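Listed below are the residues making up each chain.
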Amino acid sequence: MATRFDPFREMDRLMGQVLASDRAAATMPMDLYRAGDHYVLDVDLPGADPGSIDISVEDRTLTIRAQRSARTEQDVQWLAKERPAGTYARQLTVGRGLDLDAIAATYDDGVLTLTVPVAEEAKPRRIEVQRSGSSTAIEPSGTAVTAS
């Protein structure tokens, strides 16, 4: 059975594979949630060398970079090569009210976990109001409690 070779279709297929792998290398899926008085950021970095992970904070920008090296076997013929290699990078702009000097990071099973605590000045607190003969406390919910 003879098949017809279309060089343009083959070129389109190859370019699609190349561009798809470039897009995949640049992505860094993450989950972000708040647990109590801190935020947790889980970032997928499969196959990244833990020594290549770089986390930095400048002003209100959190930057995460990691390197995943390509396999370099000699004398092999690749049949499929879909796992991206190269530099992963992601920047997040963080809001006020976080203690960026106290960020903790762990890397386990291909997942980078950052724990970012809420700054003390951003936590809800109780403020007592003094009045003649009685005191009124303002709760974080905004309700007033009067004590005699």
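First, a word on scope: everything that follows refers to the structure included in this document. (Residues numbered from 1 in each chain as written. Predicted model: local features only at pLDDT ≥ 70, side-chain atom pairs only at ≥ 80, totals over all residues. Heavy atoms only, no water.)

Here we look at the overall build of the protein
Piece 1. When helices and strands are tallied, the protein shows one helix and 10 strands.
Piece 2. When the helices and strands of the protein are read in sequence order from the N terminus, they spell out α-β-β-β-β-β-β-β-β-β-β.
Piece 3. Considering the protein as a whole, with its 148 residues, one finds that 20% of them fall into the buried category.
Piece 4. Considering only contacts in the protein between residues 6 or more positions apart, those separated by 24 or more positions represent 44%. (Helix = DSSP H or I, 4+ residues; strand = E, 2+ residues; numbered from the N terminus. Buried < 20%, exposed > 50% of the residue type's maximum accessible area, 1.4 Å probe, protein only. Contact = heavy atoms within 4.5 Å.)

With respect to the sheet that holds strand β7 (residues 111-117)
Piece 1. The strand order across the open sheet built from four strands is β1-β2-β7-β6, with neighbouring strands paired in antiparallel fashion. Of all strands in the sheet, those bounded by a partner on one side alone are β1 (30-35) and β6 (104-108). Each strand of the sheet is rotated relative to its neighbour by a mean of 15 degrees, with strand direction disregarded.
Piece 2. Here β1 runs beside strand β2 (residues 38-44); their pairing, made up of six bridges, is antiparallel. Within β2, the position partnered with Ala 35 by the bridge is His 38. (Pairing = 2+ DSSP bridges. Axes fitted to C-alpha atoms, helices over the stretch in contact; angles between N-to-C directions.)

What about the pairing of strand β3 (residues 54-58)?
Piece 1. As paired elements, β3 and strand β4 (residues 61-68) share five bridges and run antiparallel to each other. Each residue of the ladder has a partner; that of Asp 54, found in β4, is Arg 65.
Piece 2. Linking β3 back to β4 in an antiparallel pair, the connection comprises two residues, with Asp 59 at a positive phi of about 55 degrees.

Some details on unusual backbone geometry
Piece 1. Although it is not a glycine, Asp 59 sits at a positive phi angle of roughly 55 degrees.
Piece 2. Relative to the helices and strands, Asp 59 resides in the loop between β3 and β4.
Piece 3. Here the phi dihedral of Asp 75 falls at roughly 55 degrees; this positive angle occurs in a residue that is not glycine.
Piece 4. Looking at where Asp 75 falls in the secondary structure, it is placed in the loop between β4 and β5 (86-93).
Piece 5. With a relative accessible area of 80%, Asp 75 lands in the exposed category.

Quick word on the nonpolar core
Piece 1. If you look at the biggest cluster of nonpolar residues, it comprises 18 residues, and the most contacted ones within it are Leu 41, Val 43, Leu 45, Ile 64 and Leu 112.
Piece 2. For this core, the secondary structure elements donating two or more residues are β2, β4, β5 and β7.
Piece 3. The contact partners of Leu 112, leaving out residues within four places of it in the chain, are Leu 41, Asp 42, Val 43, Leu 45, Ile 53, Ile 55, Ile 64, Ala 105, Thr 106 and Tyr 107. (Core = buried A, V, L, I, M, F, W, Y, C linked by side-chain atoms within 4.5 Å.)

Focus: the side chain of Arg 68
Piece 1. Locating Arg 68 in the fold gives a position in strand β4.
Piece 2. Within the local environment of Arg 68, its side chain forms a polar contact with the backbone oxygen of Pro 46, the two atoms lying 3.3 Å apart.
Piece 3. Those residues in contact with Arg 68, other than ones at most four positions away along the chain, are Pro 46, Gly 47, Arg 83, Pro 84, Ala 85, Gly 86 and Tyr 88. (Polar contact = N/O pair within 3.5 Å; in protein donor to acceptor, adjacent residues only side chain to side chain.)

Here we look at the environment of Leu 114
Piece 1. Within the secondary structure, Leu 114 is located in strand β7.
Piece 2. Beyond its immediate stretch of four places on either side in the chain, Leu 114 contacts Tyr 39, Val 40, Leu 41, Ile 55, Leu 62, Ile 64, Ile 103, Ala 104 and Ala 105.

Brief notes about the sheet that holds β3
Piece 1. Taken together, the three strands give an open sheet; going across it, the order is β3-β4-β5, and neighbouring strands pair in antiparallel fashion. Single-partner strands in this sheet number two, and they are β3 and β5. Looking at each pair of strands side by side, their axes are set apart by 15 degrees on average, direction ignored.

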